[in-house]
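Structure assessment
The chain contents come next:
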Amino acid sequence: MHELAITEGILNAVLPAARSAGASRILEIRLKIGVLSGVIPACIEEYLAIAARGTLAEGARLHVETVPIRLHCNACGSGSQPEGRKAFCPVCGSRDIRITAGREYCIDSIEVE
Ligand SMILES: [Zn+2]
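The structure presented is a predicted model; accordingly, all values stated were derived computationally and were not measured.

Comments concerning the coordination of the zinc ion
- Summarising the metal site, the zinc ion is bound by the protein donors Cys73 (SG), Cys76 (SG), Cys89 (SG) and Cys92 (SG), whose distances to it range over 2.3 Å.
- The site at the zinc ion holds 4 donor atoms, and with the angles between them running 107 to 113 degrees, its shape is tetrahedral.
- In the primary sequence, the donor residues of the zinc ion line up as C-x2-C-x12-C-x2-C.
- A relative accessible area of 2% means that Cys89 is categorised as buried.

Here it is as structure tokens:
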């Protein structure tokens, strides 16, 4: 994954939001990162410390909430949260499943002052 690009994307989203809220600085940035997204929170944190220098986000804490995998079974219609990376439905055992959560990452909220 391209954590640097993701970090810049985060800053491009949160800086205008903080400015339009009249904030003097951003205290915390909360992210939701799916376990399948391939995004490594530690890398984001590292890049953020560099990319945020001289901006409202300088020194902001990063809070990451991990989003677990959710599956939807096309055979029995049940939703489930697999343990590990099992690629079948825990209810009926079908492999006709799709992933409904865990691939995405997004900004949940920011805290400003
Ligand atoms: Zn099923």
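Structural notes on a nonpolar patch on the surface
- On the surface, a cluster of nonpolar side chains totalling about 260 Å² of accessible area is made up of Leu4, Tyr47 and Ile50.
- Examined against the element boundaries, Ile50 turns out to sit in helix H2 (residues 41-51).

Concerning the sheet that holds strand S1 (residues 26-34)
- With mixed pairing, the 3 strands of this open sheet are ordered in space as S2-S1-S6. The strands lining the two open edges of the sheet, one partner per strand, are strand S2 (61-67) and strand S6 (105-112). Each adjacent strand pair in this sheet contributes to an overall mean axis angle of 20 degrees, direction not counted.
- Sheet topology places S1 next to S2; 7 bridges connect them, and they run parallel. The partner of Lys32 across the bridge, within S2, is Glu65.
- Against the sheet, helix H1 (residues 3-20) makes contact with S1 and S6, and its axis sits at roughly 40 degrees relative to S6, the strand it touches most.

Description of the side chain of Glu28
- Mapped onto the elements, Glu28 comes out in strand S1.
- For Glu28, a relative accessible area of 12% corresponds to the buried category.
- There is a polar contact of 3.2 Å between the side chain of Glu28 and the side chain of Arg61.
- Setting aside its immediate chain neighbours within four residues, Glu28 contacts Ala60, Arg61, His63, Ser109, Ile110 and Glu111.

Criteria and thresholds
Residue positions are given per chain, counted from 1 along the sequence in the order it is written. Totals for whole chains, interfaces and linings use all residues, but because this is a predicted model, local features are given only for residues with pLDDT of at least 70 and pairs of side-chain atoms are given and counted only at 80 or more. Excluding hydrogens and water, the side-chain values take into account all heavy atoms of the structure. Only nitrogen, oxygen and sulfur atoms qualify as donors, provided they sit within 2.8 Å of the metal or within 3.2 Å for Na, K and Ca; with water excluded from the atoms, sites may seem incomplete. Every angle between 85 and 135 degrees makes a four-donor site tetrahedral, while opposite donors more than 155 degrees apart, with all other angles between 65 and 115, make a four-donor site square planar and a six-donor site octahedral; other sites are irregular. Per-residue accessibility, obtained with a 1.4 Å probe over protein chains only, is compared with the maximum for each type, and a residue is labelled buried under 20%, exposed over 50%, and partly exposed between these values. Candidates for patches are residues over 30% relative accessible area with no salt bridge; among them, like charges are joined within 9 Å and nonpolar side chains (Val, Leu, Ile, Met, Phe, Trp, Tyr) within 5 Å. Per-residue and other accessible areas were derived by the Shrake-Rupley procedure at a 1.4 Å probe size, with only the shown protein chains allowed to occlude residues. By definition here, a salt bridge exists when the distance from a side-chain nitrogen of Lys or Arg to a carboxyl oxygen of Asp or Glu is within 4 Å. Each helix is a run of H or I in the DSSP string that is no shorter than four residues. Each strand is a run of E no shorter than two, and both are numbered from the N terminus. One bridge is not enough; two strands pair if DSSP finds at least two bridges between them. Note on geometry: axes are lines fitted to C-alpha atoms, helical ones only across the stretch in contact, with angles between N-to-C directions running from 0 to 180 degrees. Contacts were defined at the residue level, with two residues in contact if any of their heavy atoms lie within 4.5 Å. Identification of polar contacts relies on pairs of N or O atoms within 3.5 Å, with a donor-acceptor requirement for protein atoms, meaning one able to donate a hydrogen and the other able to accept it, and with residues adjacent in sequence counted only if both atoms are side-chain atoms.

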